[in-house]
Amino acid sequence: MSDVAALFTWANMWFLLQGLGLTLAISALAIGCSCVLGTVVSAMRTSHSRVARGLATAYIEVFKNTPLLLWIMFTFFVAQLPPMGAAVLAFTLFTSASVAEIVRGGLASVPSGQYEAARSQGFSVVQVYALVILPQALRNMVPALLSQFVTTIKDTSYLWGAMALQELMGRGMILMNGYNSTAQIFAIFGIMALLYFAVCFALSQAVRAYQRRLKEARTG
């Protein structure tokens, strides 16, 4: 028991929290960039151009049917980007395929009459989407985007094995090298699991709360 208690020092906890901070930074940057790229891919997927639709479909199918780890390795070893840049790029490319489908579903949930009404008021296509369609679609997309954020946070655990990036999992593995007993190793795993759980559970609860509020707004 004293061996396990020795783990709980401010230095160790701060070391792991710094890793968690990097995990959240990578996830937030990847989701933010994916929202931009995913929206572009979604627009291409629903455009009147056969070429644009073909390119968007190919992009989505390629990234939805290949493993994330492959793209992490590609951006780091083949593209030879710095670890942080490689991580954000790999997650952005991979996650954008899912975000594109989320955006497409969100746009499809807006009644077509909204588009026609906005066009009848003299709005340009850009104004229609920016001022009328996207704000309504975003309400339906938020739960799925937050769920994707949770998935991205958990998937950052691949980064230590692929490029030795010191996010939460990486820092936990480094910390384990300084301890020998089985109880200490299990305790470190437990701390990491608790940190992942706390963040992901909080986001999951936010998704559920938002969905309840949205349902109440529609029925009330």
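Refer to the structure above for everything that follows.
Residues numbered from 1 in each chain as written. Predicted model: local features only at pLDDT ≥ 70, side-chain atom pairs only at ≥ 80, totals over all residues. Heavy atoms only, no water.

1. What to know about the pattern of salt bridges
Worth spelling out the cut-off: Put simply, a salt bridge is a Lys or Arg side-chain nitrogen that is within 4 Å of an Asp or Glu carboxyl oxygen. What counts as a helix is a DSSP run of H or I of at least four residues, what counts as a strand is a run of E of at least two, and both are numbered from the N terminus. For each residue, the accessible area found with a 1.4 Å probe, counting protein chains only, is set against the maximum for its type, and the residue is called buried under 20%, exposed over 50%, and partly exposed in between.
Overall, the coordinates contain two salt bridges when judged by the stated rule. Arg45 is the partner of Glu101 in a salt bridge, and the nearest nitrogen-oxygen pair spans 3.0 Å. Here Glu101, found in helix α5 (residues 83–108), pairs with Arg45, found in helix α2 (residues 10–45); they are 56 residues apart in sequence, far enough to count as distant. Judged by relative accessible area, Glu101 falls into the partly exposed class, the value being 26%. Of the charged contacts in the structure, one is a salt bridge between Arg104 and Glu101, with a shortest N-O distance of 3.3 Å. Placement of the pair is Arg104 and Glu101 together in helix α5, with a separation of three residues, close to one helical turn. The network of salt bridges with common partners includes Arg45, Glu101 and Arg104.

2. A few points about the side chain of Thr75
The condition that has to hold: We define a polar contact as two N or O atoms separated by no more than 3.5 Å, with the added condition that, inside protein, one atom must be a possible hydrogen donor and the other a possible acceptor, whereas residues neighbouring each other in sequence contribute only through side-chain atom pairs. A contact between two residues is defined here by any heavy atoms of the two lying within 4.5 Å.
Relative to the assigned elements, Thr75 resides in helix α4 (residues 68–78). On the basis of relative accessible area, Thr75 is assigned to the buried category, the value being 1%. Engagement of the side chain of Thr75 in a polar contact is seen with the backbone oxygen of Ala86, the distance being 3.0 Å. Apart from residues lying up to four places away in sequence, Thr75 is in contact with Gln80, Leu81, Ala86, Leu89 and Ala90.

3. Things to note about unusual backbone geometry
Phi is positive for Gln80, which is not a glycine, with a value near 55°. Mapped onto the fold, Gln80 is located in the loop between α4 and α5. For Gln80, a relative accessible area of 64% puts it in the exposed group.

4. As for a nonpolar patch on the surface
Our working rule: Distance thresholds for patches are 9 Å for like charges and 5 Å for nonpolar side chains (Val, Leu, Ile, Met, Phe, Trp, Tyr), applied to residues having over 30% relative accessible area and no salt bridge. Computed by Shrake-Rupley with a 1.4 Å probe, the accessible areas treat only the displayed protein chains as cover when residues are assessed.
On the surface, a cluster of nonpolar side chains totalling about 560 Å² of accessible area is made up of Leu69, Met73, Phe74, Phe77, Val78 and Tyr158. A per-element tally of the nonpolar patch places α4 first, with five residues. Take Phe77: it is sitting in helix α4.

5. Quick word on the packing of aromatic side chains
The geometry of an aromatic ring pair is captured by the separation of the ring centres together with the interplanar angle, meaning the angle of the planes. What counts, and what does not: Two aromatic rings, drawn from Phe, Tyr or Trp (for Trp, its six-membered ring), form a pair once their centres lie within 6.5 Å of each other, and the interplanar angle then sorts them: stacked below 30 degrees, edge-to-face above 60, tilted otherwise. Remark: a charge is flagged as sitting over a ring if the NZ atom of Lys or the CZ atom of Arg is within 6 Å of the ring centre and within 35 degrees of the ring normal.
Scanning all chains against the criterion turns up six aromatic pairs. Here the aromatic rings of Tyr59 and Phe63 are separated by 4.6 Å at their centres, their planes lie at 40°, and the arrangement is tilted. Remark: Phe63 and Tyr59 occur in helix α3 (residues 50–64); sequence separation between them is four residues, near one turn of the helix. On the basis of relative accessibility, which here comes to 8%, the residue Phe63 falls in the buried class. Ring centres of Phe63 and Trp71 lie 4.5 Å apart, and the angle between their planes is 40°; on these two criteria the pair is classed as tilted. In this pair, the class of Phe63 matches that of Trp71, namely buried. In textbook terms, an aromatic cluster arises when at least three aromatic residues are bridged by ring pairs, as seen for Tyr59, Phe63, Trp71 and Phe74. Over the ring of Phe15 we find Arg171; its NZ or CZ atom is 4.6 Å from the centre of that ring.

6. A word on the environment of Thr182
Tracing the sequence through the fold places Thr182 in helix α10 (residues 182–219). A sequence separation of 178 residues divides Thr182 from Val4, and the C-alpha atoms of the two residues are 9.6 Å apart.

7. A word on the environment of Thr46
By secondary structure assignment, the location of Thr46 is in the loop between α2 and α3. As a C-alpha pair, Thr46 and Val78 span 32 residues in sequence and 32 Å in three-dimensional space.

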